[in-house]
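Chain residues, written in single-letter form:
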Amino acid sequence: MPYSSMFTHSVPVNESAVEGFDRLVQYHIVNSSLGAVCMTINFALLGVFLGYPPFRRKYQLLILLAVGDTINGLAIILTGLNRVYLYATALETYTLPVRTPWECAVETWLIMKLIGDLLLPITTLCMGVERLLAILCPIFYHQHLDGRPLKIIVSCGTCLTFVTISMGAAFLIAAYKEHEHDSAMYYCGRKAAFGDEFGAFIYTHNIVCNVLAAIFSLAAYVKARRMVKTQTRMQRQLGLIKNYFIISIVSTALVSLPNAIHLFQVYVKELSNSISKPAYWAQTVNSGIHFFVYLALNSEFRTRVREIFYPPNKTPETGEKHRLIKASPTGAEHRNGSLPKDGGPSEL
């Protein structure tokens, strides 16, 4: 497929311009593969959450986080395919495409990535704020938010509103740059489409939201640990707070640090691919790790997953038990596990 069918037009370049592109092809193949694995894991995670009504009522923010991770995984796959085609074609033809900011902004993979970059950090922050509010203002939280539609409106609505406004601002910037006849880097990306300032905003947004989420979740956990001695109901809160805290810590390590590297490259100097590319892999891994965090720390989630893969009526013991109950004329199970000899009702 020639460039002309994918980009507006291209220009010839010499051999030095495409030096190292073979390594970039390999890097994006790896990253796309990681993205595919992470997206598959998040489809399974969404299946667990959405397929169980109590989870749908209890874990709206975790569901929104899983949706963001799924979108991010799709963005990573599409980004990788786009870049592999770009660099492989450049190596073959010694040409590079000429792009405009608006052409970059309307790329599907970039839109998906922008949604993930905006949605995931703000959702993580709202999770920390929600847990802290539940601990500091328990009466207000349980009377007005817990299990009520207002909680979904406030928490999920805040996240989606922020994403919508930020994306609107991004496309206005791209339209203005297009009007000014600005050009964009051939590989596109957030800075190429929306400018260095908006790119810095994305990086800062990721860092600040994840760090604040970790601080709020830690504060909530410490407060709950103190209160559990006098209020036993706080014991139920500790597990969920611990989940939120681990998520925010992992995101701080795997997302905030790479974004700090990107921010450094915007205002200080470029770093070699040996540093920047593995940092991007860390961000990719973060999109698929939450399933295992819940599996390790949330006993309710772990039980639900076990029930999905090993339904109670499928195990040998319960299967035989179910068969005996079904065979009984009354459908009742005999106390010693066998049917009455006379075929009459079981003893109670």
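Quantities reported herein were computed from a predicted structural model and do not represent experimental measurements. (Residues numbered from 1 in each chain as written. Predicted model: local features only at pLDDT ≥ 70, side-chain atom pairs only at ≥ 80, totals over all residues. Heavy atoms only, no water.)

> Would you mind going over the overall build of the protein with me for this structure?
Helix and strand content of the protein: 13 helices and two strands. When burial is assessed residue by residue, the protein has 45% of its 348 residues classed as buried. Contacts in the protein between residues at least 24 apart in sequence constitute 79% of all its contacts with a sequence separation of at least 6. For the protein, the exposed area adds up to about 17,800 Å²; of that, 65% sits on carbon and sulfur atoms. (Helix = DSSP H or I, 4+ residues; strand = E, 2+ residues; numbered from the N terminus. Buried < 20%, exposed > 50% of the residue type's maximum accessible area, 1.4 Å probe, protein only. Contact = heavy atoms within 4.5 Å. Areas by Shrake-Rupley, 256 points an atom, 1.4 Å probe, with all protein chains shown as cover.)

> Quick question: what am I supposed to make of empty space enclosed by the protein here?
Taking a probe equal in size to a water molecule and rolling it over the atoms shows the remaining empty space. Applying the stated rule across the entire model yields two cavities of 30 Å³ or more. Quantified by volume, the largest cavity comes out at close to 180 Å³. Contributing to the lining of the largest cavity are 20 residues, with Asn 72, Leu 120, Asn 206, Val 255 and Asn 286 lying nearest its centre. Those elements giving two or more residues to the lining of the largest cavity turn out to be helix H3 (60-93), helix H5 (108-136), helix H8 (190-227), helix H9 (234-267) and helix H10 (273-286). Broken down by element, the lining of the largest cavity gets its largest block of residues, six residues, from H5. Residue composition of the lining of the largest cavity, by class: six nonpolar, 11 polar and three charged. (1 Å grid on protein atoms, 1.4 Å probe; cavity = no way out; pocket = protein on both sides within 12 Å on 5 of 7 lines; lining within 4 Å. Points joined across faces, edges and corners; volume = space filled by probe spheres on them. Nonpolar A, V, L, I, M, F, W, Y, C, P; charged D, E, K, R; others polar.)

> Explanation requested: the environment of Ala 134 in the structure shown.
If you trace the backbone, Ala 134 turns up in helix H5. Overall, the relative accessible area of 1% leaves Ala 134 in the buried class. Along the chain, Ala 134 and Ala 224 lie 90 residues apart, while their C-alpha atoms are 9.7 Å from each other.

> Is there a simple way to explain the state of the cysteines in this structure?
Under the definition given, this model contains one disulfide. No disulfide involves Cys 209; its sulfur sits 8.2 Å from that of Cys 126, the nearest cysteine. (Disulfide = S-S within 2.5 Å.)

> Would you mind showing me how to read the packing of aromatic side chains here?
A ring pair, where both rings are aromatic, is described by two values, the distance of the centres and the angle of the planes. Tallied over the full model, the rule gives 18 aromatic pairs. Seen in terms of ring centroids, Phe 49 and Phe 301 are 5.7 Å apart; in terms of plane orientation they differ by 55°. Their pairing is tilted. With Phe 49 in helix H1 (residues 21-50) and Phe 301 in helix H12 (residues 299-309), the pair connects residues that are 252 residues apart, well separated along the chain. Its relative accessible area of 1% is what places Phe 49 among the buried residues. By way of ring pairs, the aromatic residues Phe 49, Tyr 52, Phe 55, Tyr 59, Phe 291, Phe 292, Tyr 294 and Phe 301 are connected into one cluster. (Phe/Tyr/Trp six-rings, centres within 6.5 Å; stacked < 30°, edge-to-face > 60°.)

> I would appreciate a short explanation of a nonpolar patch on the surface in the present structure.
On the surface, Val 208, Val 211, Leu 212 and Ile 215 cluster together into a nonpolar patch covering about 280 Å² of accessible area. With respect to the element layout, Val 208 can be found in helix H8. Accessibility expressed as a relative area gives 39% for Val 208, which makes it partly exposed. (Patch = residues over 30% accessible without salt bridge, like charges linked within 9 Å, V, L, I, M, F, W, Y side chains within 5 Å. Salt bridge = Lys/Arg side-chain N within 4 Å of Asp/Glu carboxyl O.)

> Could you clarify how one ought to interpret the UniProt feature "transmembrane region" (unreviewed entry) in the protein in this entry?
In this numbering, the UniProt entry assigns the feature "transmembrane region" (unreviewed entry) to residues 29-52, 59-81, 118-141, 153-176, 200-222, 243-268 and 280-297. Measuring from the first to the last C-alpha atom of residues 29-52 gives 35 Å, for a span that is 92% helix and 0% strand. This span, residues 153-176, is 100% helix and 0% strand, and a straight line between its end C-alpha atoms measures 33 Å. (UniProt positions renumbered as here; feature names shortened; annotations may be inferred.)

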